Amino acid sequence: MVPKKSMTRSGEHQSTLDLGVHTEHLETRDGCSSGNVVLQITLALMGILMLLGSIGCHRQYYRKQADMEAHQLIDQNALRVARPPNQPLRIDVDRRSRMFNPFDLDFQPMPLDDPASYQYMQCVDGRRGYPMWEAAGFTNTVESPDWWQFLPLDEDGVLSLNMENSVKIALLHSPEYQQQIEQLYLSALAVSSQRFVFDTQFFGGADTFFTLAGRRRSGANGRSQSAFSVGPDSTSAAGNRDFSLERRFASGSQLIVGLANNIVWNVSGPNTQSASTTLDFAFLQPLLRGAGRDVVMEDLTQAERALLADVRSFERFRRSFFLNITVGRQLEGQPQSVVNEASGNLNINVAGQGGFGNANGFLGLLQSQLRIRNLEENIARQAENLLILEDSLIELLTTIPDDAGSIVRQRLLVAQTRQSLLTAQRNLVNQQASYQQSVDAFLITMGLPPYLCIRLDDPILNRFELIDRRLLTRRQELSALRSSVGELNVKLFETARYKIDEESGLPVSEVEWSEEISQTLKRLRDEIAPLKEFNRTLIDEEIPRIAEDIDAYEKALPKRRRDGVKLLDLYEQEKEGICGLLNVTDIDDSIFALEELDELSDGLRQSYVLLEKRFESYEETISKLQATLESFTDGRAAELNNRELAKTLRDDIILETQQVLTDLGDDVLALQLIQARARTESLLLPEVEMDPQTAFYIARRNRRDYANAKARIVDAWRSIEVAADDLESQLDLVVNGDVQNVGNNPLDLRSSTSQLRIGLQWDAPITRLTERNTYRERLIRFEQIKRDFYQFEDSLWQLLRGEVRQLQANRLTFELGRQAIRIAASQIELNADIRALNDARGQGAGPTAAIDAIRALDALLQAQNDLLDIFVGYEVTRRGLDFDLGTMELTPDGLWIDPGKLTSDSLISLVGTTEGGMMQNACNECCLPNRPLPQAPVYFEPMVLGEVNATDFETTDFGDELRMLEANESIGELSDPSIEVDSDALRESIESGLEPTDLPSEE
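Predicted model only: the values in this text are computed from it and were never measured. Position numbers for residues start from 1 in each chain and track the written sequence from start to end. Local features are withheld for residues below a pLDDT of 70 in this predicted model, meaning they are given only at 70 or higher, and side-chain atom pairs are given and counted only at 80 or more; totals for whole chains, interfaces and linings count all residues. Side-chain calculation: all heavy atoms of the structure are included, whereas hydrogens and water are not.

## Examining the overall build of the protein chain
Piece 1. Along the backbone of the protein chain there are 21 helices and 20 strands.
Piece 2. We call a residue buried when its accessible area falls under 20% of the maximum for its residue type, exposed when it is over 50%, and partly exposed in between, using a 1.4 Å probe and counting protein chains only. Counting over 1003 residues, the protein chain shows a buried share of 43%.
Piece 3. Residue contacts are counted whenever heavy atoms from the two residues lie within 4.5 Å of one another. Long-range contacts, defined here as pairs at least 24 residues apart, represent 78% of the contacts in the protein chain between residues at least 6 apart.
Piece 4. Carbon and sulfur atoms form 53% of the exposed surface of the protein chain, whose accessible area is close to 53000 Å². The helix count covers DSSP runs of H or I at least four residues long, the strand count covers runs of E at least two residues long, and both are numbered beginning at the N terminus. Only the protein chains shown count as cover for residues, and all accessible areas are computed by the Shrake-Rupley method using a 1.4 Å probe.

## Here we look at empty space enclosed by the protein
Piece 1. In this analysis a 1.4 Å probe is tested at points of a 1 Å grid over the protein atoms alone, and where it fits but cannot get out there is a cavity; an open set with protein on both sides within 12 Å along at least five of seven lines is a pocket; lining residues have an atom within 4 Å of a point. Grid points are joined across faces, edges and corners, and a volume is the space filled by probe spheres set on the points. Following the criterion strictly, the structure yields five cavities of 30 Å³ or more and no others.
Piece 2. As for the largest cavity, its lining consists of eleven residues, and the residues nearest its centre are Phe493, Ala496, Ser509, Ala646 and Arg650.
Piece 3. Of all the elements in the fold, those that place two or more residues in the lining of the largest cavity are helix 10 (469–493) and helix 14 (642–682).
Piece 4. Sorting elements by how many residues they give to the lining of the largest cavity places helix 14 first, with four residues.

## Some points on the pattern of salt bridges
Where charged atoms from two side chains of opposite charge come close, those side chains can pair.
Piece 1. The salt bridge definition used is simple: a Lys or Arg side-chain nitrogen within 4 Å of an Asp or Glu carboxyl oxygen. By the definition in use, this model includes 64 salt bridges.
Piece 2. Between Glu687 and Lys901 there is a salt bridge; the shortest N-O distance is 3.7 Å. With a gap of 214 residues between them, Glu687 in the loop between helix 14 and strand 17 (688–689) and Lys901 in the loop between helix 18 (849–884) and strand 20 (902–903) connect regions that are remote in the sequence.
Piece 3. Judged by its relative accessible area of 16%, Glu687 falls in the buried class.

## With respect to the confidence of the model for the protein chain
Piece 1. Summary of the metric used: pLDDT quantifies the predictor's per-residue confidence within the range 0 to 100. When pLDDT is averaged along the protein chain, the result is 81, and 82% of the positions lie at 70 or above.
Piece 2. Across the protein chain, helix 4 (residues 163–173) holds the top mean pLDDT of 95, while strand 2 (residues 13–16) sits lowest at 36.
Piece 3. Per-residue pLDDT stays below 50 along residues 1–35; that stretch engages in 45 contacts with residues further than four places along the chain or on separate chains.

## Digging into the packing of aromatic side chains
Piece 1. Each Phe, Tyr or Trp ring, with Trp reduced to its six-membered ring, pairs with another whose centre is within 6.5 Å; inter-plane angles below 30 degrees give stacked pairs, above 60 give edge-to-face pairs, and intermediate values give tilted ones. Summed over the entire model, instances satisfying the criterion amount to 16 aromatic pairs.
Piece 2. An angle of 15° between the planes, with centres 4.4 Å apart, marks the rings of Phe696 and Trp797 as stacked. Of this pair, Phe696 sits in helix 15 (residues 692–702) while Trp797 sits in helix 17 (residues 769–841); the two residues are 101 residues apart in sequence, bridging distant segments of the chain.
Piece 3. Grouped by ring-pair contacts, the aromatic residues Tyr177, Phe314, Phe317 and Phe321 constitute a single cluster.

## Description of the UniProt feature "coiled-coil region" (unreviewed entry) in the protein chain
Piece 1. If you check UniProt for "coiled-coil region" (unreviewed entry), the listed places come out as residues 365–392 and 594–628 in our numbering.
Piece 2. Across residues 365–392, the secondary structure splits into 100% helix and 0% strand, with the terminal C-alpha atoms separated by 41 Å.
Piece 3. Helix makes up 97% of residues 594–628 and strand 0%, with an end-to-end C-alpha separation of 52 Å. UniProt positions are given in the numbering used here, feature names are shortened, and annotations may be inferred rather than shown by experiment.

## Describing the packing of helix 4 against helix 7 (residues 298–326)
Piece 1. Axis separation between helix 4 and helix 7 bottoms out at 10 Å; the angle between their running directions is 120°. Between helix 4 and helix 7, the crossing angle belongs to the class labelled oblique. In this structure, helix 4 crosses over helix 7, and the sense of that crossing is right-handed. In this structure, helix 4 uses Met163, Ser166, Val167, Ala170 and Leu171 to contact helix 7, whose residues at the interface are Phe321, Phe322, Ile325 and Thr326. Throughout, an axis means a line fitted to C-alpha atoms (over the contacting stretch in the case of helices), and angles, computed between N-to-C directions, take values from 0 to 180 degrees. Roughly parallel covers angles under 35 degrees, roughly antiparallel covers those over 145, roughly perpendicular covers 65 to 115, and oblique covers all other angles. A crossing counts as left-handed when the near helix is turned anticlockwise from the far one by less than a right angle, and as right-handed when that turn is clockwise.

## A closer look at the packing of helix 11 (residues 515–528) against helix 14
Piece 1. Across the interface, helix 11 lies against helix 14 with an axial gap of 12 Å and an inter-helix angle of 35°. Both helix 11 and helix 14 take part in a crossing whose hand is left-handed. Residues Ile517, Leu521 and Leu524 of helix 11 pack against Leu649, Ile653 and Thr657 of helix 14.
Piece 2. Here the term charged refers only to Asp, Glu, Lys and Arg, the term nonpolar to Ala, Val, Leu, Ile, Met, Phe, Trp, Tyr, Cys and Pro, and the term polar to all other amino acids, Gly among them. Partitioned by chemical class, the residues of the contact of helix 11 with helix 14 number five nonpolar, one polar and no charged.

## As for the nonpolar core
Piece 1. Nonpolar core, defined: a set of buried Ala, Val, Leu, Ile, Met, Phe, Trp, Tyr and Cys residues in which side-chain atoms within 4.5 Å join the residues together. Membership of the largest hydrophobic core comes to 161 residues, with the highest contact counts inside it found for Leu161, Leu448, Leu461, Phe464, Leu531, Phe615 and Leu885.
Piece 2. Ignoring anything within four residues of it in the chain, the contact list for Phe615 reads Asn535, Leu538, Ile539, Ile543, Leu664, Asp667, Val668 and Leu671.
Piece 3. If you look at the next biggest cluster of nonpolar residues, it comprises eight residues, including Leu570, Tyr571, Val584 and Phe592.

## Some words on helix 5 (residues 175–197)
Piece 1. Between its terminal C-alpha atoms helix 5 stretches 33 Å, which fits the 33 Å expected from 23 residues at 1.5 Å a residue.
Piece 2. Burial in helix 5 covers these residues: Tyr177, Gln178, Gln180, Ile181, Leu184, Tyr185, Ser187, Ala188, Val191 and Ser192.
Piece 3. Buried positions along helix 5 lie against helix 2 (59–78), helix 4 and helix 7. Under the convention used throughout, the expected extent of a helix is 1.5 Å for every residue step, that is, one less than its residue count.

## Notes on the pairing of strand 10 (residues 225–232)
Along any regular strand, the residues point their side chains to alternate faces of the sheet.
Piece 1. Counting buried residues in strand 10 gives six out of eight residues, a clear majority hidden from the surface.
Piece 2. Strands qualify as paired when DSSP identifies two bridges or more between them. Bridge count between strand 10 and strand 12 (residues 254–268): five bridges; the pairing is antiparallel. By the bridge assignment, Ser226 is partnered in strand 12 with Ser268.

Next up, the structure:
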């Protein structure tokens, strides 16, 4: 828009300004003023810059820029870590995750609000709220709307979990894992902020005003005036400058360079204009307080070191997360995202997850599931035992026993067994409910909702299913058949009527043939019909699997013998040693009897062959029984009188079916016991050969938190110097100056208008109470952190000793557990033999038969669970040891790389977090040669398992002496000149692990 001109009464030109932003310079009577063109160009350039600066960049640009810089910083520090991460550490959320945000991150829809709270967004204190809150729309969910589509659900909508996909799913959905990545990201942003402090920082800002003044205003000289001015914005970061740049140097100096331009143009009133330009600088160099790289670079140094520590911590957290999901160990190693040295502590959880060997997580669920199956097997055996006792009671009721009290005793045995069965079923219900509670908690840990239906399917504990599930199913089928046949036999028995025989005077039973009996026999025939096929299935499918289990046992024999010899050596060392890990006294030496292993192999083979023949013989027995039932249903009963019918039904039908099913059940039980024995003796524990001293040596070299702990001590030590700097005087060298323009030309800068000032600014250290207290606090804090560190080492010692002790104890108790299963199984066999012997003699069960059977079954259940618990505890401790040594490695998918055999020889050569494990460069980023650290203390040399005695700790002095030698420029220079030691011989002695008595003497 062009200004509209008008004439005043005095004949002067006046101007009123349109609403547009363009202005036009007014001509005076003398023509164009000087510098008009320059002024217009300057105004145009400033207007363009102001317009561009006011727009800024889009928020998406800033977000992506922050992501790029943070990820670059994380990658840069990851390369400085020994054994760097094997996958990029990124904050981005996977598309398949429940946490994925499908909306534009920089323009997200509004989540559904609480209705009452939402009212305050529309109207607050009678004032209308911002009307555009809903511009991006609404969303009714805070999670990805289709995340469940990526779950590996089967056709029934059940999530099938194993140990591997549990970890992968948890990595996708766990909020805890994502939060730790975000903490690492925030730590990188802190480094970015600190690096920016030493970058050249540019600032700019301006303001423009149109001013109207009335003619009676003071200084107006009776004339109304209007003026247009452009100048620096005093409220901007540039201060009273249009543009400025600031730079802070590592020495503590600061440089500020600025440009200030101010233009005033009178649009009406006196036809005048003015333009002033000032180019200035200021330089400040602290000489005492605040001077030096130690103080100036401390925040940047601490931020960089904190990010490096957080990268290491996150790598430890990844491994801890795997253990948390798989065995339920507590999370460790979370990045702190802090830059001060006084935060956090060095304490570690000694028991790892609240107790050595306690399993939670996925493995804990598998353990609970297998314990439930063991209890279900126990219930099945008790139910079978109840059927046997009820069959015996039926036999007693069909005869006239010599002992009148035998029927009462048999009823008591039945009642006792039934009571035990009900108790076991109650325990089963409680265990299943507890298991489901654990499943819900596990889903929450994975980041999944607890309403999902899951199924655990992992083979890691299959070896502890001492009896194959298919064989268990066969036995359950047989038990169901015995139950239904028993009911039919009772029904047949109830049809008998007793009469007194005229010749003998004794009661005899008679049965009158009826349609009811005929129907019962037909039902009995139909129930028995599948028995032949059932027996054939056992012969063709189940018995060969038993042979495979025996073969597996024989294949494991060499390893069993080697493990037995090592276990015996360990036991003898612990028994004879002083201050050992276990301090065991006397235990049952039979667990070391290796000669029994070969005898067991022969015994299992013989029992297998015998049972195979017995199952073959059932073919004929079952066929004969089926023929008898067919003959009765075909009309044979019509040829018999009532007494003959009663006797035939009792001997050829009732007792025969009971006997066949009982014998078959006993043989299936024997088959199960053979399988359980073979599988029990085939079990092997993963080998771990480690003593606490070597474990500690390995942990010091490989644990990432140990490296962070050492760095934290130096952080605290360094902070003392920073606090001490504040106690000094403030003495600064100040240099500043400026140059201004001449006249109204803003670009006419001349040296004649310049100014330069050089001086010193001093602030006496009169009041330093706050600084004094801070300095003393830092000294105390340093001492505290040093104590924290050696307590951290003590806790690490305790942790590693406890884990090695637990592994050794588990090896012994595992063999004792085998022995317990053998004894429990033999009790069941003995009870079966006693029952068979009583039946052969025509005697009833003894008064303690039910209690003996219940105790035997409970003993087997307890022994199975104990052996399972020992193995699970061993596996949890073994995985925990790999983690606590700092040697655990993961695949890029976050899965554990099982090292198999954990031995000192395989782990002691790992370089870990030492300098040997870092990327070796001759020079650093500052183009300075890297200065290596002195060698860390060597408390002992790694030893072979079992070589623990008092002289192990005496080697410490020689290790210190070696470090003193290496610290000196000349190896031969000792701190004590009176001691002459051949340095090469001393080095050789220490590195070869000689005892102190083997080293050269002072003489």
